[in-house]
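Spelled out from the first residue to the last, the chains are:
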Amino acid sequence: MKIEEIERIIKIKKPLLFIDKVVELEKGNKTTCIKLFTYNENFFQGHFEGNPIVPGTILIECMLQSLKLAYFSQYDFDEEVFLLFYIPIVTFKKRVIPGDELKSEVMITLLKNELMGEVRSFVEGINVCSLTIKLNKKWKI
Amino acid sequence: MENLKNYSRVFIESFGIDESKLSSLKYQDIPEWDSVGHMGLVASIEEAFNIEMEIDDIIDFSSFEKGLEIVSKYKISFNE
Amino acid sequence: MNDNLANKGLSFDIAGIKKCQKNRYPLLYIDKVENVIPGKFARGIKCFSYNEWFFPAHFKKEPSVPGFIQVEALVQTFLMTFLTLSEYKGKKAMGLSWDKVKFKRTIVPGECLIIESHLVSFKRGIAKGYSVSFVDGKPACSAEFTVVIPSVLSKFNPK
């Protein structure tokens, strides 16, 4: 899948787009996405000088964008999309640094009309972060 | 036996590890038992046995087996 | 950094904030911190201006603050509840987990986020607490945090 296609589906562009490659996609259900981290990204400069580490919030945004890709790839909206959601749990297990390739695996289930997402991220096979999320969709058509 | 079961359960729940791997388990043997995992384990052990461990004991707590010795000092019996 | 009257707590400008925590531009998401009771409470303020790097991309027609930036502001205010203690100033802190992250409204350029952070427990280098935030008095984002100070944790490491 090309970057333009990813941008079209989740309505997010550089410098906020945190997906580089889509390895697997089952529209509406699951996806595996890759983001490579390079020192040449703006957030490393401030986090931290001399000891660059990917901020937790950027990791989460990365994982959430993979989730959005999985979900919105089944639709065809032209308008920009707002999503309000509730995240019961996020756990950070290991730090991610420049040069790491983050692989995010997304599973979406519909439970009693509520969207639940599970996202787990790995670097070289080791689980670095996981989150569970409840989505409330709100979009303009 | 109850105490030993509870002790083992803390390890299994803290690290998501199989019971068969417990007896030989040492600090840093698995990614989950790093410095952060260590503090989580100590907090869970303290809660399970209603004890508060001294700093030296927390530092000495370097394996599943060693931990049994240390927790016994707090008047917790692991014998039948 | 001013020392206000005891019952108003401490205040920190950007220079003061930078002495306590290691986040820097472009990842420093609080402008001012007030009413700080070190070891207990902090009130942070983050003003959002269109002139920030993320607005043009989020989104072109209707800019709003991305969720992860809101959470970053909440975490950074939370850090000020314990990194303002003299023995912890400037120490590196790492996020361990977030719980119950809720987003209640969109935030747009021109709005100011007021964040109130509470430190619930801080033992052996592990800080637990929560932040709630408001725009014009109405609830915005809230979350619970567990943050660790690795240099303190390492004192408890088995040898």
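Throughout what follows, the structure given in this document is the object of discussion. Predicted, not measured: the structure shown is a model, and the values here were computed from it.

1. Here we look at the pairing of strand β3 (residues 32-37) of chain C
Residues and elements named next belong to chain C.
Step number 1: As judged from the two bridges shared by strand β2 (residues 10-12) and β3, these two strands associate in the antiparallel manner. If you follow Leu10 over to β3, its bridge partner there is Val36.
Step number 2: In this structure, β3 lies alongside strand β4 (residues 41-47), joined through four bridges in antiparallel fashion. Paired with Glu34 across the strands is Arg43, a residue of β4.
Step number 3: What sits between the antiparallel neighbours β3 and β4 is a turn of three residues, in which Gly39 has the positive phi angle 90°.

2. Topic: the packing of helix α1 (residues 3-10) of chain A against helix α2 (residues 56-72) of chain A
Residues and elements named next belong to chain A.
Step number 1: The contact between α1 and α2 brings their axes to 9 Å, and the two run at 80°. The orientation of α1 relative to α2 falls into the category roughly perpendicular. Across the interface between the two elements, Ile6, Ile9 and Ile10 from α1 touch Gln65, Lys68, Leu69 and Phe72 from α2.
Step number 2: For the contact of α1 with α2, a count of residues per class yields five nonpolar, one polar and one charged.

3. Here we look at the interface of chain B and chain C
Step number 1: Each partner contributes residues to the interface: chain B has 14 residues there, and chain C has eleven residues.
Step number 2: The interface formed by chain B and chain C contains one salt bridge.
Step number 3: Taking the shortest distance from any N to any O, the salt bridge between C:Arg124 and B:Glu46 comes out at 2.8 Å.
Step number 4: The interface formed by chain B and chain C holds four residue pairs in polar contact (both at pLDDT 80 or more) in total.
Step number 5: Mapped by element, the contributors of at least two residues to the side of chain B that touches chain C are α2 (35-49) and α3 (55-60) of chain B.
Step number 6: Per-element tally for the side of chain B that touches chain C: the top contributor is α2(B), with six residues.

4. Observations regarding the interface of chain A and chain C
Step number 1: Of the residues lining the interface, 36 residues belong to chain A; the matching set on chain C comes to 31 residues.
Step number 2: Carbon and sulfur atoms make up 64% of the surface buried where chain A meets chain C, a total of about 3,000 Å² over both sides.
Step number 3: Connecting chain A to chain C are zero salt bridges.
Step number 4: Here chain A is connected to chain C by four residue pairs in polar contact (both at pLDDT 80 or more).
Step number 5: For the side of chain A that touches chain C, the secondary structure elements donating two or more residues are α2 and β3 (81-92) of chain A.
Step number 6: In terms of residues, the side of chain A that touches chain C owes the most to one element, β3(A), which gives eleven residues.
Step number 7: The residue makeup of the side of chain A that touches chain C, split by class, is 20 nonpolar, eight polar and eight charged.

5. A few points about the packing of aromatic side chains
Residues and elements named next belong to chain B.
Step number 1: Evaluated as defined, the whole model comprises 27 aromatic pairs over all chains.
Step number 2: Consider the rings of Tyr7 and Phe11, whose centres lie 5.1 Å apart with planes at 55°: the pair is tilted. Taken as a pair, Tyr7 and Phe11 lie in helix α1 (residues 2-15) at a separation of four residues, close to a single helical turn.
Step number 3: Judged by centre distance (6.2 Å) and plane angle (80°), the rings of Tyr27 and Trp33 are edge-to-face. Like Trp33, Tyr27 is buried.

Rules and cut-offs
Residues numbered from 1 in each chain as written. Chains lettered and ligands numbered in written order. Predicted model: local features only at pLDDT ≥ 70, side-chain atom pairs only at ≥ 80, totals over all residues. Heavy atoms only, no water. Pairing = 2+ DSSP bridges. Helix = DSSP H or I, 4+ residues; strand = E, 2+ residues; numbered from the N terminus. Axes fitted to C-alpha atoms, helices over the stretch in contact; angles between N-to-C directions. Parallel < 35°, antiparallel > 145°, perpendicular 65-115°, else oblique. Contact = heavy atoms within 4.5 Å. Nonpolar A, V, L, I, M, F, W, Y, C, P; charged D, E, K, R; others polar. Salt bridge = Lys/Arg side-chain N within 4 Å of Asp/Glu carboxyl O. Polar contact = N/O pair within 3.5 Å; in protein donor to acceptor, adjacent residues only side chain to side chain. Buried area = accessible area lost by both parts, 1.4 Å probe. Phe/Tyr/Trp six-rings, centres within 6.5 Å; stacked < 30°, edge-to-face > 60°. Buried < 20%, exposed > 50% of the residue type's maximum accessible area, 1.4 Å probe, protein only.

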